[in-house]
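Descriptive structure summary
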Amino acid sequence: MGIFDGLPVSRDKEYLREEISRVDESWAAARFDSLPHVVHILTSKDRESEVEFLKQQSDVVEEVVDEVVHNYHSGFNKAIQNYSQILRLFSESTENIGVLKVDLAEAKSRLSSRNKQLHQLWYRSVTLRHIISLLDQIEGISKVPARIEKLISEKQYYAAVQFHVQSMLMLEREGLQTVGALQDVRSELTKLRGVLFYKVLEDLHAHLYNKGEYSSAALSLHEREDEVPTTTAVVFSMSNSQSLSRRTRLLKGDNQLGIHGDGSYRAGSVDGGSSVDGPDEEGTELHDEATSDGHSTSARANGDVKIVPRQMPTWLQYSTPDEFLETIKKSDAPLHVKYLQTMVECLCMLRKVAAAGAMICQRLRPTLHDIITSKIKTHAELVNSSRSGIGQAARTATAGLHFMKGQLGSYQLPKQKRQNGISLAGTLLAASPVSPVMAPAGKAQAAAKDLLNSILDAVVRIFENHVVVGELLELKSSQQADMNTPKSMPTDININPDSESSQVTGGYSIGFSLTVLQSECQQLICEILRATPEAASADAAVQTARFASKAPSKDKRDSSEEGLTFAFRFTDATISIPNQGVDLIRQGWSRKGPNVLQEGYGSAAVLPEQGIYLAASVYRPVIQFTDKVASMLPKKYSQLSNDGLLAFVENFVKDHFLPTMFVDYRKGVQQAISSPASFRPRAHAAASYTPSIEKGRPVLQGLLAIDFLAKEVLGWAQAMPKFAGDLAKYVQTFLERTYERCRTSYMEAVLEKQSYMLIGRHDIEQLMRLDPASAYLPNAFGQSNMETHASDAENYEVELELSELLLNLRPVKQDNLIRDDNKLILLASLSDSLEYVAESIERLGETTFNAPNQVEDNGMNRHRRTSSAPARDLASFADEYRKLAIDCLKVLRVEMQLETIFHMQEMTNREYMEDQDAEEPDDFIISLTAQIMRRDEEMAPFVSALKRNYIFGGICSVAANASIRALADMKCINLFGVQQICRNSIALEQALAAIPAINSEGVQQRLDHVRTYYELLNMPFEAVLAFITEHEHLFTAAEYANLLKVQVPGREIPADAKDRVSEILSR
């Protein structure tokens, strides 16, 4: 761009732009130097053309300048004219100022001469303005009582209290105190103060117990705080354009809200709008009435309207904006908490904190008693409507014991009947000290737990309100004590510097309310447990005195030493109500003392039964109640949760419930094990054994009753985990006594019997442990009997060695055998019953002491069990029971083996020189097989098939070895004798094979071995020699020698027969 591009040139002279663009920019330099141009012209060859060219450029510039001047000429002229006009105005102003100075000098001289008269006129105007303001205030105050009554009827208590406080402050102002016409208004406001206090306290009392309109229980479950009907507070801009916050306006004077003649508030100064430095402005009027649709209201101040929506609860919609309303608006607390805060604020503004606290204390116990009673009645109606009747349910309840929360399987009592027709279930229930309804999982326990849960939940919600109100009252009372109270505003309490902080609130505090709440709950629990007032902790008087702020008396200490006193009974200290309390009584508040005896709660209408055994259902709800209360309490009251209801329940359980339970169950155990029928096998048992107790497992009645009682006691342990260790010790005591009784029955059956003495021998005990048949025994001491890795040869050697030891005991005498089949059946039934109890004890120990318990799993671990010692102790008892059961089976096995030896030893007393074919087995075989089949049939209902295999499985090996060894004692035998012995083995095989549990193939193999051995007697020597050559290990050398030793008619044995056999066997 050129330097002249911005020049204003008309379109018809656009050529000038091209011309001027040709002008060298050096001509427009700030410091123009003409010398180069002169030298250029002088040195030019054509000087005239250069000069001409310069003239042409000069003409172009002049023409451009003419255009510019032409375009800006009018503007230049107008600027000159304006400057001339400004100069003229300045000249005229100078002249006017000079004249004004002269006039002011004259006015000053005139005013100085009339100064006193002007001052009098100004003072009179101020006085008249103040009088007019006072008349407006008087007119407004006269309408305040009606306005307050209207707000009270609409339950706008905070707005009514604001009106009352403002009106009383107005009446205290100078100039209104001596107005006689306001005495009636003053009297009406004094009466309205009492009415307001009563109404506010009545509403606060209703909301304390969740009976109010805004209580949490009354609100819908789906209601949200932002859905609450709200109104809108407005903020107005002042006429002087200086906006002040609510707090600033409130703190600038007593209150910048005056009262109009119509009762509405008006913003103004302390004196109602009069001012010494200016006339009264048109005040800003705030309309109290909100719009019917709940939206924002509007107000006008000097034509300026400003609307700021503020959500407020409905009970504050007519209230004047202040700091408390601002706090409520910003608070995130629930609606019912905001309402409680509002009511407490009203009491503080009325200076009625102490009187309110006294009345709340006075009505706390009766109200709570009525609430608990009504809830019980409601619960009873609900229960009665949901079922036909508790009595019918109790009559049909025959289930034994169901452990809590399904952690244990259901335990049903067997339904078999004895000979006399009495059901076994009835016998077991008779052994228990409690009825089925009162059992750990009975209907009474469930009903008591549900009832107490519902009541304690309601008490927790009530206490939550008391915590809110108690903290607010303590805070406000401490603030109120430091405030200067107006002279004519009577206070409710003469504050004594030496009195405690609770007296400032009329004796009301969080600790007091918690103590009374727990006291009522304790009374209810005592009614449920049918406990006397002496069934509480011995330190009740001391604890009560701490809350009542007085030392425990000597009489109370002495009485506590003689017997237990009732906890919390003395916590309601007598409350002295101030003089204003007379007005409250006239308003209808009851003066019923807290120590008046109250009737019961009527819990019997809900519970099928009452009694001390319901302590188990009380324990868990009280723990949950204590944890909830502890989470609500402020830090300075944290100790109260440890000294309250839970301590009472735990002391009651420890000092009363557990000793009573131990005595009752010890008596039941004693009756169960001392009855003659307790250890008597079932007379009419099922044809076959069943492992399920529900289907008729023939457990001995005494052990079944003990198992039932142990499960029941551990059911109480599961309901009260903290005392599980004590209850486990009770169970261990019962099991120890039962074990001793079982041991006695066992010894009565086996005393001085050879089988009992044999199983105690170390060598036989070791062989029986190595015997492969021991795999059928129960696992004792946690060892698995099925883990046998021995070979068949080793197993055969064990059986053979054991048989040899038993056969060496011959002759077996009949007196050393258990000939009474009833004792054998008792041993079989006792073994199975002991094993059943052992398994049950193990399951109980694992389930009761090892299962996680979520109720006690809290942050403080106060109720968690930290030791597994009870479970280990129960496991050791299970091992003892199982060991005795094994001993019973061992005795039965050895007894059958000895019985076999006793019958088989008859073979050595006879000669087998028969003269005809054997059609029947020998008499001792017939007797033995009959005895085996009879005893198997009698034991079949009482032991499992595996146990029968163990009991009767040892007969075959002993009989086979006895038959083979009998040949050594024989001198001669003929062909018919061999047939007789074979017939005996066949009969024995048939008898043993008839037992379902015994392996018939094994029996056949062993008895075939006997028949093979005796059939060798019918063979010639050479044939026998060939057999030995082929089966040299089938029999021992001694057995082969016995074959050659016995005389068989018609068989010739060479003289070197033994040498030839020995040679074959030595290869």
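Predicted model only: the values in this text are computed from it and were never measured.

**Notes on the overall build of the protein**
A count of helical and extended segments in the protein gives 36 helices and 4 strands. Looking at the protein residue by residue over its 1067 residues, the buried ones come to 47%. Sequence-distant contacts in the protein: of pairs separated by 6 or more residues, those separated by 24 or more amount to 80%. Carbon and sulfur atoms make up 51% of the accessible area of the protein, which amounts to about 53800 Å² in all.

**With respect to the environment of S58**
As for its placement among the helices and strands, S58 is situated in helix α3 (residues 47-113). Given the relative accessible area of 34%, S58 is considered partly exposed. Measuring from C-alpha to C-alpha, the distance between S58 and I20 comes to 9.6 Å, with 38 residues separating the pair along the chain.

**Focus: a nonpolar patch on the surface**
A grouping of V61, V65 and V69 is seen on the molecular surface, where their side chains present a nonpolar patch of about 210 Å² in accessible area. Given the relative accessible area of 34%, V61 is considered partly exposed.

**Describing the side chain of H336**
Within the secondary structure layout, H336 lies in helix α10 (residues 335-349). Each residue touching H336, except ones within four places of it in the same chain, is listed here: Y214, S215, S216 and N465.

**As for the layout of surface pockets**
Considered as a void within the structure, the second largest pocket measures approximately 1100 Å³ in volume. If you list the elements that add at least two residues to the lining of the second largest pocket, you get α26 (792-807), α30 (945-952), α31 (954-966), α33 (1000-1015) and α35 (1037-1045). Of all the elements, α26 adds the most residues to the lining of the second largest pocket, at 8 residues. Class assignment for the residues of the lining of the second largest pocket results in 18 nonpolar, 13 polar and 10 charged.

**What to know about the nonpolar core**
Ranked by internal contacts, the top residues of the largest apolar core, which has 242 residues, are F657, L703, W716, M720, M970, I973 and Y1014. The dominant element in this core, judged by the number of residues it contributes, is helix α28 (residues 869-904), at 17 residues. Listed in part, the 5 residues of the second largest apolar core include I20, V23, V60 and V64.

**A word on helix α22 (residues 701-719)**
For α22, built from 19 residues, the straight-helix expectation of 27 Å at 1.5 Å per residue is met to within 8% by its first-to-last C-alpha distance of 27 Å. Burial runs high along α22: 19 of the 19 residues are buried.

**With respect to the packing of aromatic side chains**
The full count for this structure, using the stated rule, is 17 aromatic pairs. Between F648 and F652 the ring centres are 6.2 Å apart and the planes differ by 35°, which places this aromatic pair in the tilted class. You can see F648 and its partner F652 sitting in helix α21 (residues 645-674), 4 residues apart, about one turn around the helix. Exposure remark for F648: the relative accessible area of 2% places this residue in the buried category. The class for F652 is buried, based on a relative accessible area of 4%. Measuring from ring centre to ring centre gives 5.7 Å for Y1013 and Y1014, while their planes differ by 90°; the resulting arrangement is edge-to-face.

**Here's the deal with unusual backbone geometry**
Geometrically, the link from R810 to P811 is a cis peptide bond, its omega value of 0° lying close to zero. Mapped onto the elements of the fold, P811 is located in the loop between α26 and α27 (821-850). Phi angles above zero are rare outside glycine, and N210 is one such case at about 60°. Here N210 is to be found in the loop between α7 (183-208) and β1 (230-232). In this structure, E752 takes a positive phi of about 65° despite not being glycine. Residue classification places E752 among the exposed residues on the basis of a relative accessible area of 63%.

**A closer look at the packing of α31 against α33**
Closest axis-to-axis distance for the α31/α33 pair is 9 Å, and the angle between their directions is 5°. If you check the angle between α31 and α33, you find them roughly parallel. On α33, the residues touching C956, S957, A960, S963, I964 and A966 of α31 are V1003, R1006, L1007, H1009, V1010, Y1013 and Y1014.

**A look at the state of the cysteines**
In this structure the tally under the stated criterion is 0 disulfides. No disulfide involves C742; its nearest neighbouring cysteine sulfur is the one of C888, lying 8.7 Å away. Looking at C742, the relative accessible area reads 0%, which means it is buried.

Cut-offs and rules
- Residues numbered from 1 in each chain as written.
- Predicted model: local features only at pLDDT ≥ 70, side-chain atom pairs only at ≥ 80, totals over all residues.
- Heavy atoms only, no water.
- Helix = DSSP H or I, 4+ residues; strand = E, 2+ residues; numbered from the N terminus.
- Buried < 20%, exposed > 50% of the residue type's maximum accessible area, 1.4 Å probe, protein only.
- Contact = heavy atoms within 4.5 Å.
- Areas by Shrake-Rupley, 256 points an atom, 1.4 Å probe, with all protein chains shown as cover.
- Patch = residues over 30% accessible without salt bridge, like charges linked within 9 Å, V, L, I, M, F, W, Y side chains within 5 Å.
- Salt bridge = Lys/Arg side-chain N within 4 Å of Asp/Glu carboxyl O.
- 1 Å grid on protein atoms, 1.4 Å probe; cavity = no way out; pocket = protein on both sides within 12 Å on 5 of 7 lines; lining within 4 Å.
- Points joined across faces, edges and corners; volume = space filled by probe spheres on them.
- Nonpolar A, V, L, I, M, F, W, Y, C, P; charged D, E, K, R; others polar.
- Core = buried A, V, L, I, M, F, W, Y, C linked by side-chain atoms within 4.5 Å.
- Expected span 1.5 Å × (residues − 1).
- Phe/Tyr/Trp six-rings, centres within 6.5 Å; stacked < 30°, edge-to-face > 60°.
- Axes fitted to C-alpha atoms, helices over the stretch in contact; angles between N-to-C directions.
- Parallel < 35°, antiparallel > 145°, perpendicular 65-115°, else oblique.
- Disulfide = S-S within 2.5 Å.

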